[in-house]
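If you want the building blocks of each chain, they are given just below.
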2 protein chains.
Amino acid sequence: MDIDKHSNFSEWFSTVLKEAKLVDLRYNVKGFIVILPWAFKTMKLMYSFAEAELEKRNHAPVNFPVVIPESNLIKEEEHVKGFGGEVFWITHAGFNRLEERLALRPTSETAMYPLYALWIKGKSDLPIKMYQSGAVWRYETKATRPFIRGREFLWIETHDAFATKNEALSQVMEDIEILNVFLWDILGIPFIVLRRPQWDKFPGADDTYAADTLMPDGKVLQIATTHMLGQRFSKPFNIKFMDEDGREKFVWQTCFGIGMNRIYAALVAWHGDNKGLIYPFSLSPIQVVIVPIFKENNKEKVLNYARGVYKKLKSKGFRVLLDESEKTPGFKFNEWEFKGVPIRMEIGEKEINNEGVLIVPRDTGIRSFASLNELVDKVSKEGKEMMKRLKEKNWKEFEKSLKSASTFEELKKKLENGGIVRVPFCSLSHGIECYNKIKEELKAEVRGEKVGEGKPKGLKCVVCGKEANHFVYVARQY
Amino acid sequence: MDIDKHSNFSEWFSTVLKEAKLVDLRYNVKGFIVILPWAFKTMKLMYSFAEAELEKRNHAPVNFPVVIPESNLIKEEEHVKGFGGEVFWITHAGFNRLEERLALRPTSETAMYPLYALWIKGKSDLPIKMYQSGAVWRYETKATRPFIRGREFLWIETHDAFATKNEALSQVMEDIEILNVFLWDILGIPFIVLRRPQWDKFPGADDTYAADTLMPDGKVLQIATTHMLGQRFSKPFNIKFMDEDGREKFVWQTCFGIGMNRIYAALVAWHGDNKGLIYPFSLSPIQVVIVPIFKENNKEKVLNYARGVYKKLKSKGFRVLLDESEKTPGFKFNEWEFKGVPIRMEIGEKEINNEGVLIVPRDTGIRSFASLNELVDKVSKEGKEMMKRLKEKNWKEFEKSLKSASTFEELKKKLENGGIVRVPFCSLSHGIECYNKIKEELKAEVRGEKVGEGKPKGLKCVVCGKEANHFVYVARQY
């Protein structure tokens, strides 16, 4: 296709989504999309990786209803202020009007916590660590964009309850560790975790920590959030336990949202190139595509040999396709390249004579020979090495986009080419005026401070010039 | 607990659901349940087995929105007649009234087929075979019962489109084959597939084939259905292709619903016994529970040894738990027995001295010794043998419940003890009056005829005495 993803991301992304058959945008409800098999198979793999990491850390899967009675939803004041305007309401069933309106869940706190109040009695009932995979619905008023902003999106949400504040804070750190493994180790998506300003946190949380990644156009995209809820929900929902000192105490809670639609968008955006999609080896619906190259006189010979290679790889558990369709090899190369299959194998007369195959990784396109004996090892190795290269490239690009500035003018200049700019800032609790100035004059956002980063010493806020209490990260956002 | 599941199924089922923590019924919307981890983990395994069978047969996963515009839903006349009274309606979003009401999908035909019309142009676009896993919502007016009848339930639905009628009919047979593998080979649930009477088919189908299983109280439960839709949807939804003869033709369609909530209920009901739940080895969240038996003076020795056994099994991919809690061994035996863990291992001083463990399968409770060397093989073998025993027992019981009768009086008598009774019947197209008589006088249903079973010769309908064209199966239903 030859569209540059950095200089023309919007067109690149739309073209890949459409031509690689990732999504169909013609569903006749605004903001709702149809996720097609070539995307959804990879999303299912993403789900299984993420769920495995959660289960390793003792989260259990649970399935709550998608409808929430209005009376639940309004119990926590900030929460309903934040979500009330975004809810789809069910008012009728069959030919009857319902006595109470039901919200299509925008998030599940108010569905789950009434039950937590029933489940938790003593300290031995704690901690509770549960996760739920599925969709949520929010009536977005901003312009929607496939996978990036929609009215229905897929995610995982965890809901944890603890006896002490410290355990809850540790859980937030564990959630960040899960993101390191899932987003970076497994998916190869660079990101930064920031504690959001107080005026930009989850409705009903003490603190919100969010994972921001960068898209190729230099704007940040929030792809996951973990919230220290403190006791803000346990009090209105009356989630108490009898502590060992004989006193009833409210539990401390956290919740964690892993936005699968947006993470999928980031996966596509980070790994792809001018030739289309690139799927990491462990996440591709097809890991190896075999393209047989033959003439009329050696067709059966080549196909038989290719079928043998197919069977060998299949028996080792690889997801492999032998493309026996009528198209020309060149057409097949382009098609599978565009769809991002990580490894292509070419098999012709010459490969058969040499008792091997040609292996072509999607990212470099460099052909190399592998003998039949070493085939299985070579495929695993190429898959891993390709992922290593993709991650190195992504990390370099991400690092290059992390800048810093010490004055408002410098911030303005550095933001011109996108990316994330670190600046000294007065306060994440009270600095909303400085935040608004950055928003209005630079069309950018203060995304928050990095967890564990030291405080600036003797530096001034780039906006108001008062003493800086944080290094914050500023960027334009989706 | 010692409740007999046959003579007192209702109490048995409620007790198991509650005490094994499979479900919480206290969610404050009628007909909606919370599926707890001990059930949901097994349901997730069920999903992965069923999806694997579908994918082996070239079905691709897809994700359509859960909302369907009213104008889509009413396109096929029979369909909206059947589902119109059962739909949850979304009428508002945020503070706005929607221009068009949105149905929370009761099933996805009318969500998917407008897109099928866009995707299918030529013969090379066919067949399309897609599946979707997730929930659907129906405003049931009958009494709800956990997993058996709810207003929200989990299922898999496939939607296939073909160029010819024969291909569609073959797909129905393939769907039945998938049920044989999934329900019987993998889950060990006996069932019978019946072509439903014309007046009892899916709204919008030419023919409905349904899998009925028996519950311990002798009533049948429909757990899956596959429908020959013919061209009933392709015409109103305008799903056409240009055939090789240059003529535009409507596609032939099938759809197939695998009801995961009900199948889970059947799994619990078929395998369980007077001591509680029994999970098959391949489907249990924990396959092996290790119970260490020690006194104060050998605690560390026993625990260390047990941890070694745990690690060995874990490294081989088994789902295993070492129960190190403070409870007594007897308490642990009862607890894990009730929760249906297929294999218990007991480890005490004696087992350590003999360099082995005691293995106790859940169904027989018979202890046998296994040395450390043979441990892994023994666990696999015990798991398989236990499933074989469960299936044999279930099959015997199912066969015993299949009866036949040749007069109305005989039918009445045989139905008294529950089960499924085969009788000659006049017509599945025109015999609705005979059907109604059975329904009214015997409180039972004509469930349909068995696929591939011959026609009765020279026999009379047990109701009207006219010539019988089918052997039909009659039972009381859920």
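Thresholds, definitions, all that
- Residues numbered from 1 in each chain as written.
- Chains lettered and ligands numbered in written order.
- Predicted model: local features only at pLDDT ≥ 70, side-chain atom pairs only at ≥ 80, totals over all residues.
- Heavy atoms only, no water.
- Helix = DSSP H or I, 4+ residues; strand = E, 2+ residues; numbered from the N terminus.
- Rg over C-alpha atoms; globule rule 2.2 N^0.38 Å.
- Buried < 20%, exposed > 50% of the residue type's maximum accessible area, 1.4 Å probe, protein only.
- Contact = heavy atoms within 4.5 Å.
- Areas by Shrake-Rupley, 256 points an atom, 1.4 Å probe, with all protein chains shown as cover.
- Lys, Arg positive; Asp, Glu negative; His and termini not counted.
- Charge placed at Lys NZ, Arg CZ, Asp CG, Glu CD.
- Axes fitted to C-alpha atoms, helices over the stretch in contact; angles between N-to-C directions.
- Parallel < 35°, antiparallel > 145°, perpendicular 65-115°, else oblique.
- Left-handed = near helix turned anticlockwise from the far one by under 90°.
- Nonpolar A, V, L, I, M, F, W, Y, C, P; charged D, E, K, R; others polar.
- Least-squares fit on C-alpha atoms with pLDDT ≥ 70 in both.
- pLDDT = per-residue confidence, 0-100.
- Pairing = 2+ DSSP bridges.
- Domains from an automatic or database assignment.
- Buried area = accessible area lost by both parts, 1.4 Å probe.
- Salt bridge = Lys/Arg side-chain N within 4 Å of Asp/Glu carboxyl O.
- Phe/Tyr/Trp six-rings, centres within 6.5 Å; stacked < 30°, edge-to-face > 60°.
- Lys NZ or Arg CZ within 6 Å of the ring centre and 35° of its normal.
- Polar contact = N/O pair within 3.5 Å; in protein donor to acceptor, adjacent residues only side chain to side chain.
- Core = buried A, V, L, I, M, F, W, Y, C linked by side-chain atoms within 4.5 Å.

## Quick notes on the overall build of chain A
Each helix and strand counted, chain A has 13 helices and 23 strands in total. Relative to a compact globule of 478 residues, whose C-alpha radius of gyration would be 23 Å, chain A shows 25 Å and is just as compact. Each principal axis of the C-alpha atoms in chain A carries an extent, and together these give about 85 × 60 × 50 Å. Classification of the 478 residues of chain A by burial places 60% in the buried group. Across chain A, the fraction of contacts at a sequence separation of at least 24, relative to all contacts at a separation of at least 6, is 68%. Carbon and sulfur atoms form 50% of the exposed surface of chain A, whose accessible area is close to 19,700 Å². Charged side chains of chain A number 74 positive and 65 negative; the gap between the two group centres comes to 2 Å.

## Some remarks on the packing of helix H12 (residues 408-415) of chain B against helix H13 (residues 432-442) of chain B
Residue and element names in this part refer to chain B. Two elements in contact, H12 and H13, have axes separated by 12 Å at closest approach and are oriented at 45 degrees. In terms of orientation, H12 lies oblique with respect to H13. Once H12 is placed against H13, the crossing between them reads as right-handed. Packed against H12, whose contacting residues are Phe408, Leu411, Lys412 and Leu415, the element H13 presents Ile438, Glu441 and Leu442 at the interface. In terms of residue class, the contact of H12 with H13 is built from 5 nonpolar, no polar and 2 charged.

## Section: the relation of the copies chain B and chain A
If you rotate chain B by 180 degrees and push it 0.0 Å along the axis, it lands on chain A with an RMSD of 0.0 Å. Viewed as a symmetry operation, the transformation between the two copies matches a two-fold axis. For chain B, the minimum C-alpha distance to the rotation axis belongs to B:Ile90 and amounts to 2.1 Å.

## Describing the confidence of the model for chain A
With 100% of its residues at a pLDDT of 70 or more, chain A has an overall mean of 96. Reported confidence for the predicted complex is 0.96 by ipTM and 0.97 by pTM.

## Looking at the pairing of strand S5 (residues 88-93) of chain A
Counting buried residues along S5(A), 6 of its 6 residues qualify, which places the element largely inside the surrounding structure. In sequence, S5(A) turns back onto strand S6 (residues 96-104) of chain A through a hairpin of 2 residues, with A:Gly94 there showing a positive phi of about 60 degrees. Taken together, the 5 bridges between S5(A) and strand S5 (residues 88-93) of chain B define a ladder with antiparallel strand orientation. Opposite A:His92, over in S5(B), you have B:Trp89 as the bridge partner.

## Brief notes about unusual backbone geometry
For residues besides glycine, phi is generally negative; the peptide bonds are generally trans as well. Following A:Leu126, the chain continues to A:Pro127 via a peptide bond in cis, the omega torsion being -10 degrees. With respect to the element layout, A:Pro127 can be found in the loop between helix H5 (109-119) and strand S7 (128-137). The phi dihedral of A:Lys21 is positive, around 55 degrees, even though this residue is not glycine. Along the chain, A:Lys21 falls in the loop between helix H1 (9-19) and strand S1 (23-24). With a relative accessible area of 54%, A:Lys21 lands in the exposed category. The backbone of B:Asn238 sits at a positive phi, close to 60 degrees, despite the residue not being glycine. Looking at the secondary structure, you find B:Asn238 in the loop between strand S11 (220-230) and strand S12 (240-242). Taking the relative accessible area as the measure of exposure, B:Asn238 reaches 41% and is therefore partly exposed.

## Describing the sheet that holds strand S7 (residues 128-137) of chain B
Residues and elements named next belong to chain B. Pairing within the open sheet is mixed, and its 11 strands lie in the order S3-S7-S8-S14-S11-S10-S9-S22-S23-S21-S20. Strands at the two margins of the open sheet, each flanked by one partner only, are strand S3 (60-61) and strand S20 (402-404). The pairing of strand S9 (residues 192-195) with strand S10 (residues 207-214) spans 4 bridges and is classified as antiparallel. Bridged to Arg195 within S10 is Tyr209.

## A word on the domain arrangement of chain A
Residues and elements named next belong to chain A. Taken domain by domain, chain A comprises domain 1 (9-271), domain 2 (288-382) and domain 3 (402-475). A separation of 41 Å is found between the C-alpha centroids of domain 1 and domain 2. Taken together, the contact between domain 1 and domain 2 spans 7 residues of the former and 5 residues of the latter. Carbon and sulfur atoms supply 73% of the area buried between domain 1 and domain 2, which totals about 480 Å² over both sides. Summed over the three residues of domain 1 that lose the most area to domain 2, namely Ala20, Trp38 and Leu45, the buried surface amounts to 73% of that side. Connecting domain 1 to domain 2 are 0 salt bridges.

## A few points about the pattern of salt bridges
Residues and elements named next belong to chain A. The final tally for this structure, using the stated rule, is 62 salt bridges over all chains. Across the pair Asp212 and Arg447 runs a salt bridge, and its minimum N-O distance is 2.9 Å. Note that Asp212 is positioned in strand S10 (residues 207-214) and Arg447 in strand S22 (residues 445-450), a separation of 235 residues in sequence. Taken individually, Asp212 and Arg447 each receive the classification buried, so the pair is uniform in this respect.

## Considerations on H1(A)
All of the buried residues in H1(A) are A:Phe9, A:Trp12, A:Phe13, A:Thr15, A:Val16 and A:Leu17. For H1(A), the elements touching its buried residues are S1, helix H7 (260-271) and helix H9 (329-338) of chain A.

## Topic: the packing of aromatic side chains
In this structure the tally under the stated criterion is 43 aromatic pairs over all chains. Here the aromatic rings of A:Tyr113 and A:Phe233 are separated by 5.6 Å at their centres, their planes lie at 75 degrees, and the arrangement is edge-to-face. One end of the pair, A:Tyr113, is in helix H5; the other, A:Phe233, is in the loop between strand S11 (220-230) and strand S12 (240-242), and 120 residues separate them in sequence. Here A:Tyr113 matches A:Phe233 in class, with each residue buried. Following the ring pairs from residue to residue traces out a cluster consisting of A:Tyr27, B:Phe64, B:Tyr113, B:Tyr116, B:Trp119, B:Phe233 and B:Phe237. Positioned over the ring face of B:Phe408 is B:Lys437, at 5.0 Å from the centre of the ring.

## As for the interface of chain B and chain A
Taken together, the contact pairs 52 residues of chain B with 52 residues of chain A. With both sides pooled, the region where chain B packs onto chain A buries about 4,400 Å², and carbon together with sulfur makes up 65% of that total. The three residues of chain B that bury the most area against chain A are B:Tyr27, B:Pro61 and B:Asn63, which together make up 14% of that side's buried surface. Remark: the boundary between chain B and chain A carries 2 salt bridges. Taking the shortest distance from any N to any O, the salt bridge between A:Lys44 and B:Glu51 comes out at 2.7 Å. At the boundary of chain B with chain A, the tally comes to 21 residue pairs in polar contact (both at pLDDT 80 or more). Taken together, the residues that form the side of chain B that touches chain A break down as 35 nonpolar, 9 polar and 8 charged.

## With respect to helix H9 (residues 329-338) of chain B
All names here are of chain B. Within H9, the full set of buried residues consists of Lys332, Phe333, Trp336, Glu337 and Phe338. Those residues of H9 that are buried lie in contact with helix H1 (9-19), helix H2 (37-56), strand S15 (288-292), strand S16 (320-322) and strand S17 (343-347). One or two positions beyond H9, positive phi appears at Gly340, with a value near 85 degrees.

## Brief notes about the nonpolar core
Generally speaking, a soluble globular protein has its nonpolar side chains buried in company with each other. Counting 240 residues, the largest nonpolar core has A:Leu22, B:Leu22 and B:Met260 as its most contacted members. Each residue touching B:Met260, except ones within four places of it in the same chain, is listed here: B:Met43, B:Met46, B:Tyr47, B:Ala50, B:Leu154, B:Trp155, B:Ile156 and B:Phe182.

## Here we look at the side chain of A:Thr107
All names here are of chain A. Locating Thr107 in the fold gives a position in the loop between S6 and H5. For Thr107, a relative accessible area of 0% puts it in the buried group. Within the structure, Thr107 has its side chain in polar contact with the side chain of Glu109 (distance 2.6 Å). The residues touching Thr107, leaving out its near neighbours within four places in the chain, are Ile68, His79, Phe83, Val136, Arg138, Trp155, Glu157 and Phe202.

## Some thoughts on the pairing of strand S14 (residues 252-259) of chain B
All names here are of chain B. Burial within S14 is extensive, with 8 of its 8 residues counted as buried. The side-chain alternation of S14 yields two buried faces, one formed by Trp252, Thr254, Phe256 and Ile258 and the other by Gln253, Cys255, Gly257 and Gly259. In terms of strand pairing, strand S8 (residues 152-162) meets S14 through 8 bridges, oriented antiparallel. For Asp160, the partnering residue across the bridge sits in S14 and is Thr254. As paired elements, S11 and S14 share 6 bridges and run antiparallel to each other. Note on S14: the bridge partner recorded for Thr225 is Gly257.

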